[in-house]
2 protein chains.
Amino acid sequence: MDRRQMKTRAAIFDALSTLLKHKKFEDVTVQDIIDEANIGRSTFYSHFETKDSLLEEMCDEMFKHVFSNDLSPEKSHDFSKDEKDISSQLTHVLWHIKDHSGNIKAIMNGESEKMFTGYFKKYLEDAFKEHIRHMPYGVPEDFKEQFIIGSFVETVKWWIANGLKMNPEEVVGNFLKMVIRV
Amino acid sequence: MDRRQMKTRAAIFDALSTLLKHKKFEDVTVQDIIDEANIGRSTFYSHFETKDSLLEEMCDEMFKHVFSNDLSPEKSHDFSKDEKDISSQLTHVLWHIKDHSGNIKAIMNGESEKMFTGYFKKYLEDAFKEHIRHMPYGVPEDFKEQFIIGSFVETVKWWIANGLKMNPEEVVGNFLKMVIRV
DNA sequence: AAAATATCGTACATTGTGTTCGATAAAATG
DNA sequence: CATTTTATCGAACACAATGTACGATATTTT
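Note that the structure is a prediction, hence the values are computed from the model and not measured. Sequence positions are assigned chain by chain, starting from 1 and proceeding in written order. Written order determines the labels here, with chains lettered from A and ligands numbered from 1. With pLDDT at 70 or above as the cut-off, local features in this predicted model cover only qualifying residues; side-chain atom pairs require 80 or more to be listed or tallied, and sums for whole chains, interfaces and linings still use all residues. Values reported for side chains reflect all heavy atoms of the structure, with hydrogen atoms and water molecules removed beforehand.

## Side note on the domain arrangement of chain A
Residue and element names in this part refer to chain A.
In step 1: Domain segmentation is taken from an automatic or database assignment of domains. Here the domain parsing of chain A yields domain 1 (1-48) and domain 2 (50-180).
In step 2: Each of domain 1 and domain 2 was reduced to a C-alpha centroid, and the two centroids are 27 Å apart.
In step 3: We call two residues in contact when some of their heavy atoms are within 4.5 Å. At the interface, 15 residues of domain 1 touch 17 residues of domain 2.
In step 4: Both sides of the domain 1 and domain 2 interface together cover about 1500 Å² of buried area, and 67% of this is carbon and sulfur.
In step 5: Every case where a carboxyl oxygen of Asp or Glu lies within 4 Å of a side-chain nitrogen of Lys or Arg is listed as a salt bridge. Counting the contacts that link domain 1 with domain 2 gives 2 salt bridges.
In step 6: Between Arg9 and Glu61 there is a salt bridge, with the nearest N and O atoms lying 3.6 Å from each other.
In step 7: In protein, a polar contact means a hydrogen-donor-capable atom and an acceptor-capable atom, both N or O and within 3.5 Å, with residues adjacent in sequence counting only if both atoms are side-chain atoms; elsewhere, any N or O pair within 3.5 Å suffices. Linking domain 1 with domain 2 are 5 residue pairs in polar contact (both at pLDDT 80 or more).
In step 8: What counts as a helix is a DSSP run of H or I of at least four residues, what counts as a strand is a run of E of at least two, and both are numbered from the N terminus. Every element with two or more residues in the side of domain 1 that touches domain 2 is listed here: α1 (3-20) and α2 (30-37).
In step 9: At 6 residues, the largest contribution of residues to the side of domain 1 that touches domain 2 is made by α1.
In step 10: By residue class, the composition of the side of domain 1 that touches domain 2 is 10 nonpolar, 1 polar and 4 charged. A quick way to say it: buried area is the sum, across both parts, of accessible area lost when two parts are put together, with a 1.4 Å probe. Think of it as three bins: nonpolar holds Ala, Val, Leu, Ile, Met, Phe, Trp, Tyr, Cys and Pro, charged holds Asp, Glu, Lys and Arg, and polar takes everything else, Gly as well.

## Let's talk about helix α1 (residues 3-20) of chain B
Since there are 3.6 residues in each turn of an α-helix, residues three or four apart along the chain are aligned in direction.
All names here are of chain B.
In step 1: Take the number of residues in a helix, subtract one, and multiply by 1.5 Å to get its expected span. Between its first and last C-alpha, α1 extends 26 Å over 18 residues, near the 26 Å set by a 1.5 Å rise per residue.
In step 2: Remark: exposure states derive from per-residue accessible area (1.4 Å probe, protein chains only) relative to the maximum for the residue type, with buried under 20%, exposed over 50%, and partly exposed in between. Turning to α1, its buried residues number three or more, namely Thr8, Ile12, Phe13, Ala15, Leu16, Ser17, Leu19 and Leu20.
In step 3: The inward-facing, buried residues of α1 contact α2 (30-37), α3 (41-47), α4 (51-66) and α6 (101-107).
In step 4: With a side-chain oxygen lying 2.9 Å from the backbone nitrogen of Arg4, the N-terminal cap of α1 falls on Asp2.

## Some details on the interface of chain A and chain B
In step 1: Facing the 30 residues of chain A at the interface are 30 residues of chain B.
In step 2: When the two sides are added together, the surface that chain A and chain B hide from each other amounts to roughly 2700 Å², 66% of it contributed by carbon and sulfur.
In step 3: Contact with chain B buries area across many residues of chain A, yet Phe143(A), Phe147(A) and Met178(A) alone supply 28% of it, more than any other trio.
In step 4: Taken together, the links from chain A to chain B amount to 4 salt bridges.
In step 5: The salt bridge involving Glu113(A) is made with Lys114(B); its shortest N-O contact spans 3.6 Å.
In step 6: Summed over the shared surface of chain A and chain B, the result is 8 residue pairs in polar contact (both at pLDDT 80 or more).
In step 7: For the side of chain A that touches chain B, the secondary structure elements donating two or more residues are α7 (112-133), α8 (141-161) and α9 (168-179) of chain A.
In step 8: When residues of the side of chain A that touches chain B are assigned to their parent elements, the largest contribution, 11 residues, is made by α8(A).
In step 9: Of the residues in the side of chain A that touches chain B, the class split is 14 nonpolar, 7 polar and 9 charged.

## Focus: the relation of the copies chain A and chain B
In step 1: Of the transformation placing chain A onto chain B, the axial shift is 0.0 Å and the rotation is 180°, giving an RMSD of 0.1 Å. Taken together, the rotation angle and the small translation identify this as a two-fold axis. Measuring from the rotation axis to each C-alpha of chain A, the shortest distance belongs to Ser151(A), at 2.3 Å. To superpose the copies, least squares is applied to the C-alpha atoms of every residue with a pLDDT of at least 70 in both.

## Remarks on the protein's contact with DNA strand D
In step 1: Nearness is defined per residue: one heavy atom within 4 Å of the molecule or strand is enough. Lining the immediate environment of DNA strand D, one finds 20 residues, of which Thr8(A), Gly40(A), Ser42(A), Thr43(A) and Arg3(B) sit closest.
In step 2: Backbone sugar and phosphate groups make up 62% of those atoms of DNA strand D lying within 4 Å of the protein.
In step 3: At 2.3 Å, a side-chain N or O of Thr8(A) approaches a phosphate oxygen of DNA strand D.
In step 4: Gly40(A) is positioned with one of its backbone polar atoms (N or O) 2.6 Å from a phosphate oxygen of DNA strand D.
In step 5: The set of elements that each furnish at least two residues to the surface near DNA strand D consists of α1 and α3 (41-47) of chain A together with α1 and α3 of chain B.
In step 6: Examining the composition of the surface near DNA strand D, we find that 4 residues originate from one element, α3(A), more than from any other.
In step 7: Across the surface near DNA strand D, the residue classes tally to 3 nonpolar, 11 polar and 6 charged.

Set out below in structure tokens:
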């Protein structure tokens, strides 16, 4: 990929991130973005079809990071690599979110929250469908999946909206207390 | 209130309901609404400041109905009036939603879904905060409330999105199985 | 019947979108 | 290094939607 393209793409992402800290996504105009990013109008449209497709690609990249299994050494939050149970995996995801909380908080305003939610659920389903399948409840499978994924995403959104005051371990701990038979 | 105002207001609500069945809220223009409602442009703006405030008022009216405790005789779904437990109250709400599913399904597209969710949570909190307070779990109060309300709303949204195939009784039954200690 | 007021409808200013195109600058290629 | 390829610039443009203004008309209230 051409170096210029990469620079422009990064500048656009950065610009949107910055702007989202001051206003809601629906109030950000393409003009705002190209001013903040210092690029030409036609350049923006050669990279993204619309403002929404820009947001989509931003969310996708963000969740690729959040759900990546490779923690960089300094960010490793005391997990031995053989911990593979659902508890530590969920905690792992929440630590990533906390580490990127600046950008994620910005996205969680107005319209763009819906895109966040959509991508979050998609990635969670891929990652945890098997885990969920093994949880025994007396309800239909699709209901169970919907419930676990949905309630977890709602919990995380609540956690973010309230300023990430709890530790990821506490959030996951409380979540599992609500959801697991004791 | 002037009869003309009432007629216009109703015409605007009907128009938006109709339009939402064919396209998403964000794709409906004020022009669409005034054409469908057969009113003048300035008339629309004398009733509502923006398209969004129209949606707000529509949602508010809708949930006033959904959470009203007086079922009309022919719509009463076999509840004796002394049933006051959380199960039958939730079921009651879901029957109302099912009865108004046409309009509610329409609102559950695109942007407007968020407003639905917001109002739904607000009304649920008011109605069930006391019930929830009496449920024993080993987690903080605010976490518990957030979890119960959030997971119920997600469950209802999932139910609606999948075509309301289950009966309200089944939905509430499965929900409580996930949430109540047995 | 008279006064009050809701609606009509047209016109208008404004804002944002997405496209086009020739000129310019920067990168890849050999 | 020279050449080709390609990304960016920037200004102009057509288009669509928003929200406002106002005099004329119709309907309701008193």
